[in-house]
Amino acid sequence: MSDQLIEELCGGCENLRSLALGGCYRVTDKGVASAVRLLPSLRVLELTSCERLSINAIRSITSLGGSLRSLSLAKCSQS
């Protein structure tokens, strides 16, 4: 899944509460930022093995404040 596809899919789903992108090796910080911006009701975010993420993805995620209840970043490594 690409960042562009994430933005397109999340665009009309503002009530989505859970998003699993584990293993989506093409997802970058931009895709995570789009998802967080477009999904204000997000409570669960699964990013296992999304190896193209950096600290900037974490910064985007923290903009959710206290609404996020579960975050998985297992096997994410920054090059």
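Model, not experiment: these values are computed from the prediction. (Residues numbered from 1 in each chain as written. Predicted model: local features only at pLDDT ≥ 70, side-chain atom pairs only at ≥ 80, totals over all residues. Heavy atoms only, no water.)

A. Inspection of the overall build of the protein at higher detail. If you tally the helices and strands in the protein, you get three helices and three strands. Written out in order from the N terminus, the α and β elements of the protein read α-β-α-β-α-β. Relative to the globule expectation of 12 Å for 79 residues, the C-alpha radius of gyration of the protein, 11 Å, shows essentially globular dimensions. C-alpha extents for the protein along the principal axes are approximately 30 × 25 × 15 Å. Partitioning the contacts of the protein with sequence separation of at least 6, the portion at a separation of at least 24 is 79%. Total accessible area computed for the protein in this model is approximately 4,600 Å², and 51% of it derives from carbon and sulfur atoms. In the protein, 9 positive and 7 negative side-chain charges are present, and the distance between their average locations comes to 5 Å. (Helix = DSSP H or I, 4+ residues; strand = E, 2+ residues; numbered from the N terminus. Rg over C-alpha atoms; globule rule 2.2 N^0.38 Å. Contact = heavy atoms within 4.5 Å. Areas by Shrake-Rupley, 256 points an atom, 1.4 Å probe, with all protein chains shown as cover. Lys, Arg positive; Asp, Glu negative; His and termini not counted. Charge placed at Lys NZ, Arg CZ, Asp CG, Glu CD.)

B. Representation of helix α3 (residues 55-62). Of the positions making up α3, those classed as buried are Ala-57, Ser-60 and Ile-61. Relative to the axis of α3, the buried residues are bounded by an arc of 100° and lie together on one face. Relative to its buried face, α3 has exposed residues pointing more than 90 degrees away, namely Arg-59 and Thr-62. Residues of α3 that are buried in the fold lie against α2 (29-38), β2 (44-46) and β3 (70-72). (Buried < 20%, exposed > 50% of the residue type's maximum accessible area, 1.4 Å probe, protein only. Arc of directions from axis to C-beta.)

C. Inspection of a nonpolar patch on the surface at higher detail. On the surface, a cluster of nonpolar side chains totalling about 250 Å² of accessible area is made up of Met-1, Leu-5 and Leu-9. Within the secondary structure, Leu-5 sits in helix α1 (residues 3-10). (Patch = residues over 30% accessible without salt bridge, like charges linked within 9 Å, V, L, I, M, F, W, Y side chains within 5 Å. Salt bridge = Lys/Arg side-chain N within 4 Å of Asp/Glu carboxyl O.)

D. Structural view of the side chain of Ser-34. Note on placement: Ser-34 falls in helix α2. Here the side chain of Ser-34 touches Glu-7 through a polar contact of 3.4 Å, side chain to side chain. (Polar contact = N/O pair within 3.5 Å; in protein donor to acceptor, adjacent residues only side chain to side chain.)

E. Spatial organisation of the packing of α2 against α3. The N-to-C vectors of α2 and α3 enclose an angle of 5°; their axes lie 8 Å apart at closest approach. One way to sum up the angle between α2 and α3 is to call them roughly parallel. Side by side, α2 and α3 meet where Asp-29, Val-32, Ala-33 and Val-36 of the first sit next to Asn-56, Ala-57, Ser-60 and Ile-61 of the second. Each residue belonging to the contact of α2 with α3 can be placed in one class, and the counts come to five nonpolar, two polar and one charged. (Axes fitted to C-alpha atoms, helices over the stretch in contact; angles between N-to-C directions. Parallel < 35°, antiparallel > 145°, perpendicular 65-115°, else oblique. Nonpolar A, V, L, I, M, F, W, Y, C, P; charged D, E, K, R; others polar.)

F. Just the packing of α1 against α2, in detail. Running from N to C, α1 and α2 cross one another at 10°; their axes reach a closest spacing of 8 Å. Classified by the interaxial angle, the pair formed by α1 and α2 is roughly parallel. Residue-level inspection shows Asp-3, Ile-6, Glu-7 and Cys-10 of α1 in contact with α2, the latter providing Lys-30, Gly-31, Ser-34, Ala-35, Arg-37 and Leu-38. Along the lines of polarity and charge, the residues of the contact of α1 with α2 split into four nonpolar, two polar and four charged.

By themselves, these are just geometric observations and shouldn't be taken as functional.
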